[in-house]
Amino acid sequence: MPEYILAKHLSKHLNEEVILKGWVYNIRKSGKIWFLVFRDGTEFVQCVVLMNEVSGEVFELKTTLTQESSVMIRGIVQEAPRQENGIEILVKDIEVIHIAEEYPIALKEHGVDFLLDNRHLWLRSRQPYAIMKVRAEVEQACRDFFNERDFTLVDSPMFTPNAAEGSTTLFETQYFDRKAYLTQSGQLYSEAAIMALNRTYCFGPCFRAEKSKTRRHLTEFWMVEPEMAFFDIHDDMALAEEFVEYLVQRALKNCRRELEILERDISKLEAVKRPFPRITYDDAIAVLKRKGFDIAWGDDLGAPHEPAVSEDYDRPVMIWRWPAASKAFYMKRDPEDERYVMGVDVIAPEGHGEIIGGSQREEDIKVLLERIDREQLPVDDFQWFLDIRRYGSVPHSGFGLGLERTVGWICGTHHIRECIPWPRTMARLKP
RNA sequence: UCCGGAGUGGCUCAAUGGCAGAGCGGGUGGCUGUUAACCACUAGGUUGUAGGUUCGAAUCCUAUCUCCGGAGCCA
């Protein structure tokens, strides 16, 4: 291993001399003292350069070092109560690795478009840095959660031969001498996989060619989708609830520093404990009517409705038992009332919207064929999917959790494009 | 696709019909405890594009392009 240490480990080296390698985040100059805010991708730390502690050459670097220049710093780790992390470096020596050209991103407010054009550099800033750390933790937590609960990772293909649900728009791509589509969900494949492996999850990018221009939409986003044999809708909701609680608690446990950088109100996250409220679609309609919304049974819950329902709770709310007409063909009908399907949406608090969509799946081939027929879906393309119901069909359920929306909620970001390293939206394909 | 908003220096914005400005960033100088440090000086402009109205347009009109976020749809 190299002899330098990572800044995140500095607190273990109090009063010792250490070597750091990284970048200049900011410089504040005074006469015979200057301050260099150093970052190495693991932590930010202030370094103090005093005239009588370093050579004249090193002291004069205050005039040549620029924002984002790369450096090696040798210095002593000191306690500094005034610093956010309680530590600073008394510099003994600085070795310049590269002097950066004039850096486009100043330490001030910038427009979103400018920052996204410079995403490759913007990632170095504090907030994107912290969000990427949280994203990585949430992603790892997803894998840990399912791996610890007897799930097998079975990833689904990105290229698909046809529309899975028909309704959403798919990206079309040339696949040798025919068309293929980019996947919008791994669910149908997971339904097949659980008949082999009982409980599975897939985790990867999904693509939606919807012309959505809102802060909750990306054309490429990541979704984690568990699928479980022998789970009914209630088992499904219990798992979703446990999963969301787990993700939030993991972030609280392992991302304290990052949430601090993001100035996230921790108490809002600490409130996210089971049980989550469960209300039916009918309940939601009643609540909305009471709040004065002009809404009728059968209407889908749109943008003003979701927050109106979730604002009554300090934790995610699960809305289940939806009108069949508004939901996908594969959802299981309520045996007690055919007008309903056993679907569930989980709405995050604080206006962050839907983070999970799930359902018990229809296991009866006759019912499934009816729905495929009524929605005029190409039945031939679904023969393999129907096979699942031909050979030992069982009740089963699953859900999909949108990674960026979840990370956006945990981090309290305004727009989910900040929650993916290289966002793809309708208007943005670069960098 | 529809509705709304915005395009002015590298960046963030001001100037609402009358000399295009400020802050940040860049440059120069000053300061031994700064926290997006501060102070002084300095360089930097075809006001998205094309037309029009006017003595005069960043500003008003027409067209057009781009972006933004909201609806629909959804994770």
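Model, not experiment: these values are computed from the prediction. (Residues numbered from 1 in each chain as written. Chains lettered and ligands numbered in written order. Predicted model: local features only at pLDDT ≥ 70, side-chain atom pairs only at ≥ 80, totals over all residues. Heavy atoms only, no water.)

Observations regarding the protein's contact with RNA strand B
Worth spelling out the cut-off: In these notes, residues near a molecule or strand are those with any non-hydrogen atom within 4 Å of it. In protein, a polar contact requires one atom able to donate a hydrogen and another able to accept it; more generally it is a pair of N or O atoms within 3.5 Å, and residues adjacent in sequence count only if both atoms are side-chain atoms. Think of it this way: any DSSP run of H or I at least four residues long counts as a helix, any run of E at least two long counts as a strand, and we number them from the N terminus. Under the grouping applied here, Gly and all other residues not named as nonpolar or charged are polar, the nonpolar ones being Ala, Val, Leu, Ile, Met, Phe, Trp, Tyr, Cys and Pro and the charged ones Asp, Glu, Lys and Arg.
Near RNA strand B lie 49 residues; those nearest to it are N26, L107, K108, R215 and A303. Near the protein, meaning within 4 Å, the atoms of RNA strand B are sugar or phosphate in a fraction of 49%, with bases accounting for the rest. Between a base nitrogen of RNA strand B and a main-chain N or O atom of K29, the distance comes to 2.4 Å. I355 places a polar main-chain atom, nitrogen or oxygen, 3.0 Å from a sugar or linking oxygen of RNA strand B. With four residues, the top contributor of residues to the surface near RNA strand B is strand β16 (residues 353–361). Its residues assigned to classes, the surface near RNA strand B comprises 14 nonpolar, 16 polar and 19 charged.

A look at the pattern of salt bridges
Basically, it comes down to this: Note on definitions: salt bridges are taken to be side-chain nitrogens of Lys or Arg within 4 Å of carboxyl oxygens of Asp or Glu. Only protein chains enter the accessibility calculation, which uses a 1.4 Å probe; a residue whose area is less than 20% of its type maximum is buried, one above 50% is exposed, and one in between is partly exposed.
Inspection of every chain in the model, using the stated rule, returns 36 salt bridges. E68 is the salt-bridge partner of R124, the closest N and O atoms lying 2.9 Å from each other. Of this pair, R124 sits in the loop between α4 (119–122) and α5 (126–147) while E68 sits in the loop between α2 (61–64) and β4 (70–79); the two residues are 56 residues apart in sequence, bridging distant segments of the chain. Here R124 falls in the partly exposed class, since its relative accessible area comes to 27%. Taking the shortest distance from any N to any O, the salt bridge between E260 and R257 comes out at 3.3 Å. Here E260 pairs with R257, and both are found in helix α8 (residues 256–261), just three residues apart, close to one helical turn.

A few points about the packing of aromatic side chains
Basically, it comes down to this: Pairing of aromatic rings covers Phe, Tyr and Trp, the last counted by its six-membered ring, and requires centre-to-centre distances within 6.5 Å; plane angles under 30 degrees mean stacked, over 60 mean edge-to-face, and any other angle means tilted. Throughout this description, the term charge over a ring refers to an Arg CZ or Lys NZ atom that lies within 6 Å of the ring centre and within 35 degrees of the ring normal.
In total, this model carries 21 aromatic pairs according to the counting rule given. Ring centres of F146 and F151 lie 5.0 Å apart, and the angle between their planes is 55°; on these two criteria the pair is classed as tilted. Comparing F146 with F151 shows no difference in burial state: the two are buried. Ring-pair connections join several aromatic residues into one group, and the members of that group are F145, F146, F151, Y201, F243, Y246 and F399. Geometry around Y340 places R321 over its ring, the cationic atom sitting 4.0 Å from the centre. If you follow R339 out to its NZ or CZ, it ends over the ring of W297, 5.1 Å from the centre.

Some words on the domain arrangement of chain A
Put simply, the rule reads: Residue ranges for the domains originate in an automatic or database domain assignment. For this analysis, residues touch if any pair of their heavy atoms sits within 4.5 Å. Computed with a 1.4 Å rolling probe, the buried area is the accessible surface lost when two parts are put together, summed over both parts.
Domain annotation of chain A identifies domain 1 (7–98) and domain 2 (119–419). One C-alpha centre belongs to domain 1, the other to domain 2, and the line joining them spans 45 Å. Of the residues lining the interface, 10 residues belong to domain 1; the matching set on domain 2 comes to seven residues. Summed over both partners, the interface of domain 1 with domain 2 comes to about 850 Å²; 41% of that surface belongs to carbon and sulfur atoms. Sorting the residues of domain 1 by area buried against domain 2 places Y25, F44 and E84 first, and these three jointly supply 53% of that buried surface. Taken together, domain 1 and domain 2 are joined by four salt bridges. Put simply, domain 1 and domain 2 have seven residue pairs in polar contact (both at pLDDT 80 or more) between them. Across the side of domain 1 that touches domain 2, the residue classes tally to three nonpolar, three polar and four charged.

Focus: the environment of D40
Its place among the elements puts D40 in the loop between β2 (33–39) and β3 (44–50). By relative accessible area, D40 is classed as buried at 10%. Counting along the chain gives 72 residues from D40 to V112, while the straight-line C-alpha distance between them is 25 Å. Sequence-distant contacts of D40, that is, excluding residues within four places in its chain, are made with I5, L6, A7, K21, G22 and W23. A distance of 2.7 Å separates the side chain of D40 from the backbone nitrogen of A7, its partner in a polar contact. A distance of 2.7 Å separates polar atoms of two side chains, one belonging to D40 and the other to T42.

Re the pairing of β4
On any regular strand, side chains alternate: one points to one face of the sheet, the next to the other face. Test applied: When DSSP finds two or more bridges between a pair of strands, those strands are recorded as paired.
Pairing analysis gives seven bridges linking strand β1 (residues 17–29) to β4, with the strands arranged antiparallel. By the bridge assignment, L20 is partnered in β4 with I73. With 10 bridges connecting them, β4 and strand β5 (residues 87–98) associate as antiparallel partners. Bridging from a neighbouring strand, R74 pairs with D93 of β5.

Focus: the environment of F59
Along the polypeptide, F59 turns up in helix α1 (residues 56–59). If near-sequence neighbours (up to four positions away) are discounted, F59 is found in contact with G31, K32, I33, W34, V49, L50, M51 and V54.

Considerations on the sheet that holds strand β7 (residues 159–160)
With antiparallel pairing, three strands are arranged side by side in an open sheet as β7-β9-β8. Both outer strands of the open sheet, β7 and β8 (172–175), are each paired with one neighbouring strand and no more. For β8 and strand β9 (residues 178–182), the ladder comprises four bridges, and the chain directions are antiparallel. Within the sheet, the bridge partner assigned to Y175 lies in β9 and is R178.

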